[in-house]
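# Close look at the chain arrangement
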Amino acid sequence: MTEAILLVGGKGTRLRPLTVHTPKPMVRAAGVPFLTHQLARARAAGVEHIVLATSYLAEVFEPYFGDGSSLGLHIEYVTEKEPLGTGGAIRNVAGRLHSGPDEPVLVFNGDILTGLDIGALVRTHEATGADVSLHLTKVTDPRAYGLVPTDATGRVLAFLEKPQTPEEIVTDQINAGAYVFRRSVIDTIPAGRPVSVERETFPELLATGAHLQGMVDSTYWLDLGTPAAFVRGSADLVLGRAPSPAVPGRCGDRLVLPTATVAPDAKLSGGTVVGEGAFVAEGARIFGSTILPGAVIEPGAVVTDSLVGTRARVGTRSVVTGTVIGDGAVIGADNELREGVRVWCDARIPAGALRFSSDQ
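Figured I'd write up the structure that's included with this text. Worth saying up front: this structure is predicted, and the values here are computed from it rather than measured. (Residues numbered from 1 in each chain as written. Predicted model: local features only at pLDDT ≥ 70, side-chain atom pairs only at ≥ 80, totals over all residues. Heavy atoms only, no water.)

## Describing the overall build of the protein chain
Counting secondary structure elements, the protein chain contains seven helices and 28 strands. Its C-alpha atoms give the protein chain a radius of gyration of 22 Å, within 12% of the compact-globule value 21 Å for 360 residues. Looking at the protein chain as shown, the accessible area adds up to about 15,000 Å², and 51% of this sits on carbon and sulfur atoms. Taken as two groups, the 32 positive and 39 negative side-chain charges of the protein chain have centres that lie 4 Å from each other. (Helix = DSSP H or I, 4+ residues; strand = E, 2+ residues; numbered from the N terminus. Rg over C-alpha atoms; globule rule 2.2 N^0.38 Å. Areas by Shrake-Rupley, 256 points an atom, 1.4 Å probe, with all protein chains shown as cover. Lys, Arg positive; Asp, Glu negative; His and termini not counted. Charge placed at Lys NZ, Arg CZ, Asp CG, Glu CD.)

Here is the structure:
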């Protein structure tokens, strides 16, 4: 079937400190690097050849995935010397594609969790004879996204960046970050410089009369760009709300990876993941959270909607809600961390140092 390009070069600055040592697509969601879910879904749709467009911490991808044979794929890697943007990254890997000029090439952003029917997008592209086809999804509040209005046949009419006034919100359809390109169109993207497909390539194609087709698919879609969204996405994978053949176990309220240790009276729920070698002590309660490999949750700690980094530690009776704790950080006993807190890698918070409520 179609070959694909996966754009995995971003620095993931909105996800820091998760991405200090790990590129965003390699941060674990539901027990495996998030990229694994994207690769597995592409393979399930019939894709056999994938080129990864890498940049930030590019050296970690190939040692993990190798040639892709363990996933039934042939994976190649192309590293940008300097960040080239979405369009520049697509153009930079064009030499690794095998498709003919009129054949379709799938392109995915590396930070989108979606239930997109990939085959349906390709069929729409071929049936309409489009130059580029875009996955569109509907959102309640589109102000943070680029709007993509279409006509009655699904043909794209315009690209409107992040509307600020009610008058500018002419549709609830947004660009969902998955595309099918006619192979020859990729060669028209300027080479060797940064290019944004959203702000440059797609508007210029429209202006020159190219056929851009939209397909609305709102089964499940989540941009994993923020810590809160990433934690939610991982939980949704475990709960089975987001589809993936790569979840390493049965979907349910919890996922405990091999070699992890969980005390018999600890309570795990809400799509919680406990990674390899992690330890959850007696009386701990964890809801909707990701505990990465080697982390320790001490007795009586309560962790909700949070991510605890590799080898990090949450102290006895500490309460952590909506928080990201970086790799190797230590939260001492009897602390209280609330929504939006980010504890940097290897930081040390002494016992009883932080609270949002009284000490009573």
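Continuing now.
## Describing unusual backbone geometry
The omega angle of the peptide bond from R16 to P17 is 15°, so this bond is cis rather than trans. Here P17 lies in the loop between strand 1 (3-7) and strand 2 (28-29). With a phi angle near 50°, L57 is a residue other than glycine that sits in the positive phi range.

## As for helix 4 (residues 118-128)
Residues lying three or four places apart along an α-helix face the same way, a consequence of the helix completing one turn every 3.6 residues. Listing the buried residues of helix 4 in full gives I118, G119, A120, L121, V122 and H125. Here helix 4 starts with a cap whose side-chain oxygen sits 3.3 Å from the backbone nitrogen of G119, and that cap is D117. At the C-terminal side of helix 4, G129 shows a positive phi close to 65°. (Buried < 20%, exposed > 50% of the residue type's maximum accessible area, 1.4 Å probe, protein only. Polar contact = N/O pair within 3.5 Å; in protein donor to acceptor, adjacent residues only side chain to side chain.)

## A few points about the pattern of salt bridges
According to the stated counting rule, one finds 15 salt bridges in the structure shown. Here E76 makes a salt bridge to R96, at a shortest N to O gap of 3.1 Å. Within this pair, whereas E76 is found in strand 5 (residues 74-79), its partner R96 is found in the loop between helix 3 (85-92) and strand 6 (104-109), the two being separated by 20 residues in sequence. With a relative accessible area of 15%, E76 lands in the buried category. Of the residues examined, R96 reaches a relative accessible area of 35% and is grouped as partly exposed. Put simply, R338 and E336 hold a salt bridge, and the shortest N to O gap is 3.0 Å. What makes R338 partly exposed here is its relative accessible area of 33%. (Salt bridge = Lys/Arg side-chain N within 4 Å of Asp/Glu carboxyl O.)

## So, the packing of aromatic side chains
This model, assessed by the stated rule, comprises seven aromatic pairs. Judged by centre distance (5.4 Å) and plane angle (25°), the ring pair of F159 and F202 falls under stacked. Linking F159 in the loop between strand 8 (132-138) and strand 9 (173-182) with F202 in helix 6 (residues 197-207), this pair joins segments that are 43 residues apart in sequence. Considered together, F159 and F202 belong to a single accessibility category, that of buried residues. (Phe/Tyr/Trp six-rings, centres within 6.5 Å; stacked < 30°, edge-to-face > 60°.)

## Quick look at the nonpolar core
Counting 29 residues, the largest nonpolar core has I5, I90, V132, L134, F181, F202 and L212 as its most contacted members. Discounting chain neighbours no more than four positions away, the residues touching I5 are V51, I90, V93, L97, V105, L106, V107, F108 and I186. Among the nonpolar cores identified, the runner-up in size contains 25 residues, and M26, L116, V122 and M215 belong to it. (Core = buried A, V, L, I, M, F, W, Y, C linked by side-chain atoms within 4.5 Å. Contact = heavy atoms within 4.5 Å.)

## Thoughts on the sheet that holds strand 6
Spatially, the seven strands line up as an open sheet ordered 5-4-1-6-9-8-10, and their pairing is mixed. Two strands bound the open sheet, and with one partner strand each, they are strand 5 and strand 10 (212-216). Neighbouring strand axes in the sheet, compared pairwise and without regard to direction, differ in orientation by 25° on average. Two elements, strand 8 and strand 9, share six bridges in a ladder whose sense is antiparallel. Looking at strand 9, one finds that L134 is bridged to Y179. Where helix 1 (residues 34-44) meets the sheet, its contacts fall on strand 1, strand 4 (49-54), strand 5 and strand 6, and the angle it forms with strand 4 comes to roughly 155°. Packing of helix 3 onto the sheet brings it into contact with strand 1, strand 4, strand 5, strand 6 and strand 9, and relative to strand 1 it is tilted by some 140°. (Pairing = 2+ DSSP bridges. Axes fitted to C-alpha atoms, helices over the stretch in contact; angles between N-to-C directions.)

## Re the sheet that holds strand 17 (residues 285-287)
Sheets are built from strands paired through backbone hydrogen bonds, the pairs being either parallel or antiparallel. Strand order in the open sheet made by the five strands is 14-17-20-23-26, with parallel pairing throughout. This sheet does not close on itself; its edge strands, each paired only once, are strand 14 (267-269) and strand 26 (336-337). Pairing between strand 14 and strand 17: three bridges, direction parallel. Within strand 17, the residue paired with L268 across the bridge is I286.

## Some details on the side chain of D327
Here D327 lies in the loop between strand 24 (324-325) and strand 25 (330-331). Despite its burial, D327 pairs with no opposite charge; the closest candidate is R311, at 5.3 Å N-O. For D327, the residues in contact, after removing those within four places along its chain, are H21, G309, T310, R311, C345 and D346.

## Comments concerning the environment of P248
Counting through the fold element by element, P248 comes out in the loop between helix 7 (227-239) and strand 12 (254-256). P248 sits in the partly exposed class, given a relative accessible area of 35%. For the pair P248 and A30, spaced 218 residues apart in sequence, the C-alpha separation works out to 7.7 Å. With residues near it in sequence (within four places) discarded, P248 still touches A30, G31, V32, L255 and L257.

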